[in-house]
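Notes for the structure review
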Protein chains: 2
Amino acid sequence: MQVFVLFSGGKDSSLAAILLEPFFDVELVTFSFSLLPVGHIARETAESLGFAHRVVQLERSVLEQAYNLVIEDGFPKNAINLIHRAAVEKLAADNDISFIADGIRRDDRVPVLEMPLIRSIEDRHGVHYISPLKGYGRAAVNELVSRHLVIEEDRSENVIKADYETELRELIRQRDGPEKITEVFPAHVQSHVIERKKVQPNGSNQACTHD
Amino acid sequence: MQVFVLFSGGKDSSLAAILLEPFFDVELVTFSFSLLPVGHIARETAESLGFAHRVVQLERSVLEQAYNLVIEDGFPKNAINLIHRAAVEKLAADNDISFIADGIRRDDRVPVLEMPLIRSIEDRHGVHYISPLKGYGRAAVNELVSRHLVIEEDRSENVIKADYETELRELIRQRDGPEKITEVFPAHVQSHVIERKKVQPNGSNQACTHD
């Protein structure tokens, strides 16, 4: 049973993949507009985590729509949700895909797909859209991340991440300059997934450890 | 890292425990008012699934409050939510407990804890309340259940389950007769967890199978 996990290279989608791994054949999927090499960056992280990975092109029109939204709104929420929706729909439309997952957590507001949209995607395409972290609060996720992943925190704006924001920010930089980015996007600490930690048997009836 | 999974003996809480098992030391917890032997019934299922199990007494006053609610409302939703809240609070108040889980799914309306209450419980007690199935729709859960559990469907009203409804229905039966039960509770097919299925390696980098 295969699951395709929308993968930004970040800790949440990494953890979602790890939680699914005992139960599914996991493949990570990074979406790209080919504006920046986000696919390559995500691929490196996927390989260090030990998961299969593919990069899927998203239509430039989606990025243009997202750009218009973020310029109009003055904040990125709706633009990011639009891109996430397009990514999920694209996977859902693939006849070889039954399970689609992402790293959305309980307390996340962006991106979030509303329930009617989720049901619509599931019904129209006959797929299951799952969010393994949806029942986990921020602190619980942080606890699990600290147990399973080596993370590096970095305030640097110079390191590229493979999330939707990256190429949206790049387009804004190209059209409106770097000052516009700081107007629209909140500053936040970037965290980078370096590798997995070795986790010991936890006393459950599982007889093996992961390498 | 221990997690205590609220356990009704049903397929959802069983599946939640299975999904947590690779990552936590899982203990199943069944709550009882000692009106019926629900603890024993749940214990049998827990043993067949291979999980540690404990039975915890809930105060009779909680059952009385729930009874009053269901008689007043004419439907069980608020009464069941009240019992679930009391159960989660009881575990959360235990200083030895950090992670509490239940089998609530995305599409469930009963029982459900509202976000402000969840945050309140987590903050007041310094615990993590997690719902591993919260990001899974009904069909996705059914798919995973069919893969991991042997289930028996049964329209019989004679088989006791270890969920909150069981003792609430018993109290109603004692006080108001069996006709009152059918007035208040919807009829539904009972499903019983018999045992776990053997699941083959799925092509991931997990090198072992569960016995």
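Here the structure is a predicted model, which is why all the values come from computation and not from measurement. (Residues numbered from 1 in each chain as written. Chains lettered and ligands numbered in written order. Predicted model: local features only at pLDDT ≥ 70, side-chain atom pairs only at ≥ 80, totals over all residues. Heavy atoms only, no water.)

1. A word on the overall build of chain A
Quick note on the threshold: By the criteria applied, helices consist of DSSP H or I runs no shorter than four residues and strands consist of E runs no shorter than two, each listed in order from the N terminus. The classification of residues rests on relative accessible area computed with a 1.4 Å probe and restricted to protein chains. Under 20% of the type maximum is buried, over 50% is exposed, and intermediate values are partly exposed. In this description, contact between two residues means that some pair of their heavy atoms is separated by no more than 4.5 Å. Accessible areas in this description were obtained via Shrake-Rupley with a 1.4 Å probe; residue shielding takes into account the shown protein chains only. Under the convention used here, Asp and Glu are negative, Lys and Arg are positive, and both His and the chain ends fall outside the count. Where a charge lies is defined by one atom per residue type: Lys uses NZ, Arg uses CZ, Asp uses CG and Glu uses CD.
Counting its secondary structure elements, chain A contains 8 helices and 7 strands. Projecting the C-alpha coordinates of chain A onto the three principal axes gives extents of approximately 55 × 40 × 30 Å. Taking all 211 residues of chain A together, the buried fraction comes to 55%. Nonlocal contacts in chain A, meaning residues at least 24 apart in sequence, comprise 77% of its contacts between residues at least 6 apart. In the structure as shown, chain A presents an accessible area of about 9,400 Å², 47% of it carried by carbon and sulfur atoms. Charged side chains in chain A number 24 positive and 33 negative. The centres of these two groups are separated by 3 Å.

2. Some thoughts on the pairing of strand β1 (residues 2-6) of chain B
Residue and element names in this part refer to chain B. Which entries qualify depends on this criterion: Here the rule is simple: two strands pair whenever DSSP picks up at least two bridges between them. Crossovers are marked right-handed if the path from the first strand over the helix to the second runs clockwise, as seen with the strands pointing away from the viewer.
Taken across its 5 residues, β1 has 4 buried, putting it largely inside the fold. Of the pairings in the sheet, the one linking β1 to strand β2 (residues 25-32) comprises 5 bridges and is parallel in character. Bridge assignment links L6 to a residue of β2, and that residue is V29. Between the parallel elements β1 and β2, the chain passes through helix α1 (residues 11-20) in a crossover that is right-handed.

3. Quick look at the relation of the copies chain B and chain A
Here is the rule: Superposition of the copies was done by least squares, using only C-alpha atoms of residues whose pLDDT is at least 70 in both.
When chain B is fitted to chain A, the best match, at an RMSD of 0.0 Å, comes from turning it 180 degrees and sliding it 0.0 Å along the axis. Interpreted geometrically, this transformation is the action of a two-fold axis. A shared interface surface links the copies, since 98% of the contact residues of chain B are contact residues in chain A too.

4. Some points on helix α3 (residues 60-73) of chain A
Residue and element names in this part refer to chain A. Where we set the bar: To estimate the expected span of a helix, subtract one from its residue number and multiply by 1.5 Å. As used here, the arc is the angular range of directions from the helix axis to the C-beta atoms.
Relative to the 20 Å expected for 14 residues at 1.5 Å per residue, α3 spans 20 Å between its end C-alpha atoms, a close match to the ideal helical length. Three or more residues of α3 are buried, namely V62, L63, A66, Y67 and V70. Taken around the axis of α3, the buried residues stretch over an arc of 140 degrees, which confines them to a single face. The secondary structure elements touched by the buried residues of α3 are α4 (77-92), α7 (164-176) and α8 (178-184). G74 sits one or two residues past α3 and shows a positive phi near 85 degrees.

5. Things to note about the confidence of the model for chain A
All names here are of chain A. So the rule is basically this: Across the chain, each position has a pLDDT score giving the predictor's confidence in that residue, from 0 to 100.
Averaged over every residue, the pLDDT of chain A is 92; the share at 70 or more is 92%. Here residues 203-211 scores under 50 on pLDDT; set against residues more than four positions off or in separate chains, the count is 22 contacts. Model confidence for the complex: the whole-complex pTM is 0.93, and ipTM, which rates the interface, is 0.92.

6. Looking at the packing of α4 of chain A against α7 of chain A
Residues and elements named next belong to chain A. Counted only if it meets this: Every axis corresponds to a line fitted to the C-alpha atoms, with the helix fit spanning only the stretch in contact, and the corresponding angles, defined between N-to-C directions, vary from 0 to 180 degrees. The scheme is simple: roughly parallel for angles under 35 degrees, roughly antiparallel for over 145, roughly perpendicular for 65 to 115, oblique for anything else. Crossings are assigned a handedness: left-handed for a near helix turned anticlockwise from the far helix by less than a right angle, right-handed for a clockwise turn. Gly falls in the polar group here, along with every residue not listed as nonpolar (Ala, Val, Leu, Ile, Met, Phe, Trp, Tyr, Cys, Pro) or charged (Asp, Glu, Lys, Arg).
Between α4 and α7, the shortest axis-to-axis distance is 10 Å and the interhelical angle comes to 125 degrees. By the criterion of interaxial angle, the relationship of α4 to α7 is oblique. Viewed along their axes, α4 and α7 form a crossing whose handedness is right-handed. In this structure, α4 contributes A79, I80, I83, H84 and A87 to the contact, and α7 contributes Y164, E165 and L168. In the contact of α4 with α7, the residues fall into 6 nonpolar, 1 polar and 1 charged.

7. Brief notes about the packing of aromatic side chains
Note the threshold: Classification of ring pairs uses Phe, Tyr and Trp, with its six-membered ring standing for Trp, and accepts pairs whose centres are within 6.5 Å; under 30 degrees between planes counts as stacked, over 60 as edge-to-face, and the remaining range as tilted. Here, over-ring charges are defined by two tests on the NZ atom of lysine or the CZ atom of arginine: distance to the ring centre within 6 Å, and angle to the ring normal within 35 degrees.
Tallying each qualifying case throughout the model produces 2 aromatic pairs over all chains. Seen from the ring of F185 of chain A, R169 of chain A lies directly overhead, with NZ or CZ sitting 5.2 Å from the centre.

8. Digging into the pattern of salt bridges
Counted only if it meets this: Salt bridges are identified by distance alone: a Lys or Arg side-chain nitrogen within 4 Å of an Asp or Glu carboxyl oxygen.
Per the stated rule, a full pass over the model turns up 30 salt bridges over all chains. For the salt bridge of E165 of chain A with R169 of chain A, the shortest nitrogen-to-oxygen distance reads 3.3 Å. With E165 of chain A and R169 of chain A both in helix α7 and 4 residues apart, this pair spans about one turn of that helix. Accessibility classification places E165 of chain A together with R169 of chain A in one group, the buried group. If you follow the salt bridges from partner to partner, you end up with R106 and D107 of chain A together with R119 and E122 of chain B in one network.

9. Some remarks on empty space enclosed by the protein
So the rule is basically this: Cavities and pockets are defined on a 1 Å grid built over the protein atoms alone: a cavity is a set of grid points where a 1.4 Å probe fits but cannot escape, while a pocket is an open set with protein on both sides within 12 Å along at least five of seven lines, and lining residues are those with an atom within 4 Å of any such point. Grid points are joined across faces, edges and corners, and a volume is the space filled by probe spheres set on the points.
This structure, assessed with the given rule, holds 4 cavities of 30 Å³ or more. The calculated volume of the second largest cavity comes to roughly 80 Å³. Every residue lining the second largest cavity is listed: L19, L20, F23, P132 and Y136 of chain A together with L19, L20, P132 and Y136 of chain B. At the level of elements, α1 (11-20) of chain A together with α1 of chain B are the ones that each hand at least two residues to the lining of the second largest cavity.

10. Here's the deal with the environment of I151 of chain A
Residues and elements named next belong to chain A. Residue placement: I151 occurs in strand β6 (residues 149-154). In this structure I151 comes out as partly exposed when scored by relative accessible area, which is 26%. Taking the C-alpha atoms as reference points, I151 and G74, 77 residues apart in sequence, are found 31 Å from one another. Excluding residues that lie within four positions of it along the chain, I151 makes contacts with K11, V145, S191, H192, V193 and I194.

11. Considerations on the sheet that holds strand β4 (residues 99-101) of chain B
All names here are of chain B. Here we have 5 strands laid out as an open sheet, ordered β3-β2-β1-β4-β5, and parallel in their pairing. With one partner strand each, in any of the chains shown, β3 (52-57) and β5 (128-130) form the two edges of the open sheet. The sheet shows a mean angle of 30 degrees between the axes of neighbouring strands, direction not considered. Relative to β5, β4 runs parallel, the two being bridged by 3 bridges.

12. Side note on the packing of α3 of chain A against α4 of chain A
Helix packing geometry: the angle between the two helix axes and the distance between the axes. Residues and elements named next belong to chain A. Packing of α3 against α4 brings their axes to within 8 Å, and their N-to-C directions diverge by 160 degrees. When the axis of α3 is compared with that of α4, the two are roughly antiparallel. As α3 runs across α4, the sense of the crossing is right-handed. In this structure, α3 contributes V62, Q65, A66, L69, V70 and D73 to the contact, and α4 contributes N78, A79, L82, I83 and A86. Here the residues of the contact of α3 with α4 are counted per class, giving 8 nonpolar, 2 polar and 1 charged.

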